[in-house]
Amino acid sequence: MVSNLIVGNWKMNNDFVAAIHLTQQIGILARQADVAGVSLVVTPPTCDLRSVSSVIEADRLAIKLGAQHAYWEDGGAFTGETSIPMVKRLGCTFIIVGHSERREHFGMTDDAVAKTTASALRHDLTPIICVGESEEIRDNEGHVEFVSSQILAAVGGLTASQRRDVVVAYEPIWAIGTGKVASSEQVAEMMAVIRSAWPEDGGDITVLYGGSVKPENATELASTPGVDGFLVGGASLSGEQFVEIAAAAAKCYR
Ligand code: 13P
């Protein structure tokens, strides 16, 4: 069981030098801020993982490490890919699975999401499974059905005990990088939808919200029923903003 998480998805930003600086900055700011009760996770590009994990270890920073993506096979002839055991060896304990950008730009299917999730669990990494509808689907009122089917496709083949180790992130595509944040009502509805799509009682699963989370909206979003934390994109590239978001959320969860 994982609880309140603030995850920074750096996407394809920051080379290893910039990644080291940002990690140190987050670590220092987090020591000064009151973030008790939430776990901070950063997910840098794969080529930065070694540098970031070395800094976390050397400076004893209270930051956990995650990968943005990895392939579900453990090894073999898969040119250009990185496996889950490989990112685990670099210190990752989390992995984002099926971000909408992977689904849209790299053709990641529901089946690939399910296989990656299963591989992550096999290697004791916590998968953060991303779900969320496009603007068009929402306009046609298909969002409940769409997100429910993404959930079932991702976790339906797991055992009930495996499902307890999964984190879900609801990220409506229309809110990602647009500044158009989902309303509290919309978020609360989808948190409930995700939990009721769960094959067992989904009451205690960890569900994050992502999509234009900023320091200005963090308190309202963290106080929205069912939200256990955030998956932050743009604002996670600023140490100050990321830690401010974490502190605002921590206050709501205390
Ligand atoms: P933004 O916070 O930039 O909208 O990105 C959200 C996201 O995609 C995190 O995974």
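Preceding this paragraph is the structure being described.
Residues numbered from 1 in each chain as written. Predicted model: local features only at pLDDT ≥ 70, side-chain atom pairs only at ≥ 80, totals over all residues. Heavy atoms only, no water.

S.K.: I'd like a rundown of the layout of surface pockets, residues and numbers included.
M.R.: Roughly 480 Å³ of volume is contained in the largest pocket. What lines the largest pocket is a set of 17 residues, among which Met12, Gln68, His69, Arg102 and Phe106 lie closest to the centre. Among the elements that take part in the lining of the largest pocket, helix H4 (residues 100–105) stands out by supplying three residues, more than any other. Grouping the amino acids of the lining of the largest pocket by side-chain chemistry returns five nonpolar, eight polar and four charged. (1 Å grid on protein atoms, 1.4 Å probe; cavity = no way out; pocket = protein on both sides within 12 Å on 5 of 7 lines; lining within 4 Å. Points joined across faces, edges and corners; volume = space filled by probe spheres on them. Helix = DSSP H or I, 4+ residues; strand = E, 2+ residues; numbered from the N terminus. Nonpolar A, V, L, I, M, F, W, Y, C, P; charged D, E, K, R; others polar.)

S.K.: Run through the side chain of Ser236, naming residues and quoting values.
M.R.: With respect to the helices and strands, Ser236 occurs in the loop between strand E8 (229–232) and helix H11 (239–253). Polar contacts involving the side chain of Ser236 include one to the main-chain carbonyl oxygen of Val232, which spans 3.3 Å. Not counting the four nearest positions on each side in its chain, Ser236 is found in contact with Gly8, Asn9, Trp10, Leu22 and Phe242. (Polar contact = N/O pair within 3.5 Å; in protein donor to acceptor, adjacent residues only side chain to side chain. Contact = heavy atoms within 4.5 Å.)

S.K.: Give me the lowdown on the pairing of strand E1 (residues 5–9), citing residues and values where you can.
M.R.: Every regular strand shows the same layout, with side chains that alternate between the two sheet faces. E1 sits mainly inside the fold: five of its five residues count as buried. Burial along E1 is two-sided: the face carrying Leu5, Val7 and Asn9 and the face carrying Ile6 and Gly8 are both buried. For E1 and strand E2 (residues 39–43), the ladder comprises five bridges, and the chain directions are parallel. What sits directly across from Val7, in E2, is Val41. Regarding the hand of the β-α-β motif, the stretch spanning E1, helix H1 (residues 16–32) and E2 is right-handed. (Buried < 20%, exposed > 50% of the residue type's maximum accessible area, 1.4 Å probe, protein only. Pairing = 2+ DSSP bridges. Right-handed = clockwise from strand over helix to strand, strands pointing away.)

S.K.: Could you give an account of the pattern of salt bridges, with specific residues and numbers?
M.R.: The tally for this structure, following the rule as stated, stands at eight salt bridges. Arg254 is paired through a salt bridge with Asp34; the nearest N and O atoms lie 3.3 Å apart. Linking Arg254 in the segment after H11 with Asp34 in the loop between H1 and E2, this pair joins segments that are 220 residues apart in sequence. (Salt bridge = Lys/Arg side-chain N within 4 Å of Asp/Glu carboxyl O.)

S.K.: Tell me what's going on with the sheet that holds E8, and back it up with residues and numbers.
M.R.: Read around the closed barrel, the eight strands follow the order E1-E2-E3-E4-E5-E6-E7-E8; overall the barrel is parallel. On average, each strand axis in the sheet is tilted by 25° relative to the strand beside it, whichever way the strands run. Those strands touched by helix H7 (residues 143–155) are strand E5 (126–131) and strand E6 (167–170), and its axis lies near 150° from that of E5. Packed on one face of the sheet, helix H9 (residues 184–197) meets E5, E6 and strand E7 (206–210) and runs near 145° to E7. (Axes fitted to C-alpha atoms, helices over the stretch in contact; angles between N-to-C directions.)

What is shown is where atoms sit, not what they do.
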